[in-house]
Amino acid sequence: MMDWTDRHCRYLHRQLSGQALLYTEMVTAPALVRGGALHLLDHDAAEHPVALQLGGSDARELAQAAQLGAQAGYDEINLNCGCPSDRVQSGTFGAVLMREPGRVAECVAAMRDAVDVPVTVKCRIGVDEQDPEEVLPEFLSRIVAAGCERVTIHARKAWLQGLSPKENRDIPPLDYDLVQRMKGLFPNLHISINGGVATLDQVEMLLDSGFDGVMVGRAAYHQPTDVLAQADRRIFGTGRDSTAEQAVANMLPYIDAHLLAGGRLHQITRHMLGLFAGRPGARGWRRTLSEGATRDGAGPELVEVALRHVTALAPEAKAV
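Residues numbered from 1 in each chain as written. Predicted model: local features only at pLDDT ≥ 70, side-chain atom pairs only at ≥ 80, totals over all residues. Heavy atoms only, no water.

A.B. asks: Is there a simple way to think about the environment of Gly 126 in this case?
C.D. replies: Relative to the helices and strands, Gly 126 is located in the loop between β5 (119-124) and α6 (132-145). C-alpha separation for the pair Gly 126 and His 154, spaced 28 residues apart in sequence, amounts to 9.5 Å. Dropping the residues within four chain positions of it, Gly 126 is found in contact with Met 98, Arg 156, Lys 157 and Ala 158. (Helix = DSSP H or I, 4+ residues; strand = E, 2+ residues; numbered from the N terminus. Contact = heavy atoms within 4.5 Å.)

Dropping the structure here:
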């Protein structure tokens, strides 16, 4: 979710669900430790619970980056061993680390020693010609021995050569059964499933089948209301359902503050385009924001204009 789940996206998603654990886009350890890019750790207090997702393969550097993340207030530090993009591979980050479980274990141990917050891992079931039936249990046993107590498994292989990152999200077949068998092999390991999950109905089904958690990625971005607005009640058993209209109302003061600090409207509204996905007027909402938010001087009043495309077709909904 690089370039997607930035702090503005996470603030929006928090308006729809108060309970779901949010993750940052992947931040590389070298950028923080060597590059001093501490602005990448910026987040709003409203985002919690929120996890910092790190990319890297040097244990000492990851430990330092984890310390910086914990000092910045993140609730969890997550090591990405699942991203298949070329630029990540070139830095020995992401899914390529599935080939080096020993190195991943060293990184996890170093990060665990450096911080008091949980250190977790996100991985694939394998890469390229690896046999997931052999690779995944070995990988999990190594990181569990290093002190990892929670893992999120994208239930697909990653093909590091021959498939684009987009193709790696769709073409390799899902193997939920394999991941479920890992729960039997590692009963004390908190295992979340990822990959191909697009609805809350699927989330409930997977939780009922024995998984400890479910990670939803692109569906939560493109249809955030569908995935998140009922999550607190249906998944966590607390709170009331939210609405897209309420989320928009809550975003207006945030937008004002961002603009006052010198930001641009489109930096926030680009994440809001899918709020009304599937509803009458959604196209007008998206078009108004897409065409107008990059213009000089664009402000919250444009969001209110865009909202009229939706509320004008829904008399029962209150306009913001």
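Let's pick the thread back up.
A.B. asks: What am I meant to see in helix α13 (residues 244-260) here?
C.D. replies: The α-helix winds at 3.6 residues per turn, so residues separated by three or four positions along the chain end up facing the same way. With 17 residues, α13 ought to run about 24 Å at 1.5 Å a step, and its terminal C-alpha atoms sit 24 Å apart, in line with that. A maximum bend of about 30 degrees is found in α13 at Leu 252, where proline Pro 253 lies one to four positions downstream. Taken together, the buried positions of α13 are occupied by Ala 244, Glu 245, Ala 247, Val 248, Met 251, Leu 252, Tyr 254, Ile 255 and His 258. Taken together, the buried residues of α13 touch α1 (7-16), α11 (224-228), α14 (266-269), α15 (282-292) and α16 (300-311). (Expected span 1.5 Å × (residues − 1). Bend = angle between axes of the 7 residues up to and from the residue. Buried < 20%, exposed > 50% of the residue type's maximum accessible area, 1.4 Å probe, protein only.)

A.B. asks: What am I meant to see in the pattern of salt bridges here?
C.D. replies: Between side chains of opposite charge, a pair can form as their charged atoms come close. The full count for this structure, using the stated rule, is 14 salt bridges. Note that Arg 234 and Glu 204 form a salt bridge whose closest N and O atoms lie 2.8 Å from each other. Linking Arg 234 in helix α12 (residues 231-234) with Glu 204 in helix α9 (residues 200-208), this pair joins segments that are 30 residues apart in sequence. Judged by its relative accessible area of 26%, Arg 234 is partly exposed. For Glu 204, a relative accessible area of 24% corresponds to the partly exposed category. Note that Asp 241 and Arg 233 form a salt bridge whose closest N and O atoms lie 2.8 Å from each other. Judged by relative accessible area, Asp 241 falls into the partly exposed class, the value being 32%. (Salt bridge = Lys/Arg side-chain N within 4 Å of Asp/Glu carboxyl O.)

A.B. asks: What is the right way to read the side chain of Asp 6 from this model?
C.D. replies: Structurally, the position occupied by Asp 6 is in the segment before α1. The class for Asp 6 is buried, based on a relative accessible area of 13%. A distance of 3.1 Å separates a polar side-chain atom of Asp 6 from the backbone nitrogen of His 8. Polar contacts involving the side chain of Asp 6 include one to the main-chain amide nitrogen of Cys 9, which spans 3.0 Å. Not counting residues up to four positions away in its chain, the partners in contact with Asp 6 are Glu 25, Gln 267, Arg 270 and His 271. (Polar contact = N/O pair within 3.5 Å; in protein donor to acceptor, adjacent residues only side chain to side chain.)

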